[in-house]
Structure formats: C-alpha cells, structure tokens
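Coordinate inspection notes
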Amino acid sequence: GNSVTQMEGPVTLSEEAFLTINCTYTATGYPSLFWYVQYPGEGLQLLLKATKADDKGSNKGFEATYRKETTSFHLEKGSVQVSDSAVYFCALSDRRGRDDKIIFGKGTRLHILP
Amino acid sequence: KAGVTQTPRYLIKTRGQQVTLSCSPISGHRSVSWYQQTPGQGLQFLFEYFSETQRNKGNFPGRFSGRQFSNSRSEMNVSTLELGDSALYLCASSLGMTGRGWNSPLHFGNGTRLTVT
C-alpha cells in the first residue's frame, strides 16, 4: 500500500538557520504530494503541493521538489523564523492507486529558537 | 469565505458514554473527511463523505460512525467511549473527493479535543 515516511522530530534550529525536513514515499500509482503545517492549537493548513515529477511547490519561503527517481519530497527553507515553529506533515494523494484517500506522514515538530 | 467550523472545541466525557461531533465545511465543498490525531499514532483517517455517502473508511471499529447531510455538514459519532479515544478529532473539507482522480487539497478545521476519563 501507499505510505509516507518523514524524519522524526523534534527538530530544533536557531533563527535564520537552513531547514530540511526529509520525506520519502511509496505509491503504486501517480501521486500528488503535499506539505501541510499545523500551528499550535489549530488544524492543518496546506503549505505547498506538487502534482507531477520535477514539479517544485513553494510558499512562504518554503520549497519542495517532487523527485520521482528518489521517491522524495523534502521540505526546505533557507532562513527560518521563530514563527515557523509548528508541526509539518508530508502527504500523498494517489490518483490511480488503490488508496483513494490522502495518506499523511507522522509529522515533524519544528522548534525555532530566537 | 468562512473556513471549516468544528463544534464543540473541547469535550470531556466518561467511559461508556457516547459523543457527537459536528463539522461545517467551507461553502461549496462537498467532501468531508474525519481524522483522529494522537501523539503516538499521528493522523489517522476515519472516513470520508461525499454527497451524503460514505466513500472511504479507515481501520476503526464500528463504534465510530458518521453521516453527511444534504447541506454537506457532517457529524461523527463515537459510542461506548474508551480511554484510548481521547484525541484531537479533525474535520477537513475539499471541493471534490480526495485521492483518485482529484487533486483537491484538504481544508482543516481547528478540531475538537475529546478527553475521556
């Protein structure tokens, strides 16, 4: 079946540091890939998405590139801020596979220190 | 445009009781999905409703049930509550069905925090 694996947290960085959160997936079909973010006390929000290989999703300084050859969709940001502290979820939606629902990773908690 | 609204925000129940949670999707969205979020298991899919029909179901016991009304609003019911049901329950709406054939992203509510004592 389809699955998403993302790096375990928590990840703690200083403000202005470079961020990478790793995400790899397995899928039987042609997935679309997503990053969602959950701020404290809130539900998840879509951060960015990519629908086909080599697409790059970007939003709020975050980027992720859909790499079919390595089945990865790593989240990056060049200079993090304290306000980026949140839990980040990698997810996939498989358009032709058996799992016709969105599959989420377990989430990575990010702490940014001022 | 108003976002996804979940009520109530917090609930405290005792074992054996039942509970009903409510979700109002974004206007025009026809799909409503429910997720259980716990620190140990992360986000687990409960079920998805589209046009008043359950389209997909996760691996939860029959104590967990739901329904969707003609205005797309959805309710989730948990009967015979257990301590392990304590969690944040998230509702999400989307324009079309998630997964196969559709790329509609999910729009989440802020959740209902259920505590079972």
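Placed above this text is the structure.
Fair warning: this is a prediction, and the values are worked out from it, not measured in the lab. (Residues numbered from 1 in each chain as written. Chains lettered and ligands numbered in written order. Predicted model: local features only at pLDDT ≥ 70, side-chain atom pairs only at ≥ 80, totals over all residues. Heavy atoms only, no water.)

For the rest of this paragraph, the subject is unusual backbone geometry. Omega for the bond connecting G9 of chain A with P10 of chain A falls within 30 degrees of zero, at 0 degrees, which places this linkage in the cis form. Relative to the assigned elements, P10 of chain A resides in the loop between β1 (3–6) and β2 (11–14). Omega for the bond connecting T7 of chain B with P8 of chain B falls within 30 degrees of zero, at -10 degrees, which places this linkage in the cis form. Tracing the backbone shows P8 of chain B in the loop between β1 (5–7) and β2 (10–13). Residues other than glycine seldom take positive phi values, yet T71 of chain A does so here, at roughly 40 degrees. Along the polypeptide, T71 of chain A turns up in the loop between β8 (62–65) and β9 (75–77). Its identity is not glycine, yet E52 of chain B carries a phi of approximately 70 degrees, on the positive side. Inspection of the secondary structure puts E52 of chain B in the loop between β5 (42–50) and β6 (53–57). A relative accessible area of 47% places E52 of chain B in the partly exposed class. (Helix = DSSP H or I, 4+ residues; strand = E, 2+ residues; numbered from the N terminus. Buried < 20%, exposed > 50% of the residue type's maximum accessible area, 1.4 Å probe, protein only.)

Attention shifts here to the pairing of strand β7 (residues 64–68) of chain B. Residue and element names in this part refer to chain B. Alignment of β7 against strand β8 (residues 74–78), held across 5 bridges, turns out to be antiparallel. Bridge assignment links R67 to a residue of β8, and that residue is E75. Hairpin remark: β7 followed by β8, antiparallel, with 5 residues in the connecting loop; positive phi at S72, about 80 degrees. (Pairing = 2+ DSSP bridges.)

Before going further, it helps to spend a moment on the sheet that holds β8 of chain B. Residues and elements named next belong to chain B. Across the sheet, 4 strands lie side by side as β1-β3-β8-β7; this open sheet has antiparallel pairing. In this open sheet, the two edge strands, each paired with only one partner strand, are β1 and β7. The average undirected angle you get between the axes of adjacent strands in this sheet is 15 degrees. (Axes fitted to C-alpha atoms, helices over the stretch in contact; angles between N-to-C directions.)

The next thing to look at is the pattern of salt bridges. Going through the model one piece at a time under the given rule, you end up with 7 salt bridges over all chains. The residue K56 of chain A makes a salt bridge to E63 of chain A at a minimum N-O spacing of 3.6 Å. For K56 of chain A, a relative accessible area of 52% translates into the label exposed. The exposure class of E63 of chain A is partly exposed, given its relative accessible area of 34%. A salt bridge links D85 of chain B to R63 of chain B; the nearest nitrogen and oxygen atoms lie 2.8 Å apart. Of this pair, D85 of chain B sits in the loop between β8 and β9 (87–94) while R63 of chain B sits in the loop between β6 and β7, placing them 22 residues apart in sequence. Among the residues examined, R63 of chain B registers a relative accessible area of 15% and is labelled buried. Taken together, the shared-partner salt bridges in this structure form one network comprising R63, E82 and D85 of chain B. (Salt bridge = Lys/Arg side-chain N within 4 Å of Asp/Glu carboxyl O.)

Our focus in this paragraph is the sheet that holds strand β3 (residues 19–21) of chain A. Strand-to-strand pairing in sheets goes through backbone hydrogen bonds, with the strands running parallel or antiparallel. Residues and elements named next belong to chain A. A sheet is described by the order of its strands in space; here 4 strands give the open sequence β3-β9-β8-β7, paired in antiparallel fashion. Each edge of the sheet is formed by a strand with only one pairing partner; in this case those strands are β3 and β7 (56–59). Averaged over all pairs of adjacent strands, the angle between strand axes in this sheet comes to 20 degrees, irrespective of strand direction. Sheet analysis places β7 next to β8, joined by 4 bridges and oriented antiparallel. Opposite S58, over in β8, you have E63 as the bridge partner.

Turning our eyes to something else, we now look at the environment of G78 of chain A. Residues and elements named next belong to chain A. Position of G78 relative to the elements: it lies in the loop between β9 and β10 (86–94). C-alpha separation for the pair G78 and E63, spaced 15 residues apart in sequence, amounts to 9.1 Å. Not counting residues up to four positions away in its chain, the partners in contact with G78 are E16, A17, F18 and G61. (Contact = heavy atoms within 4.5 Å.)

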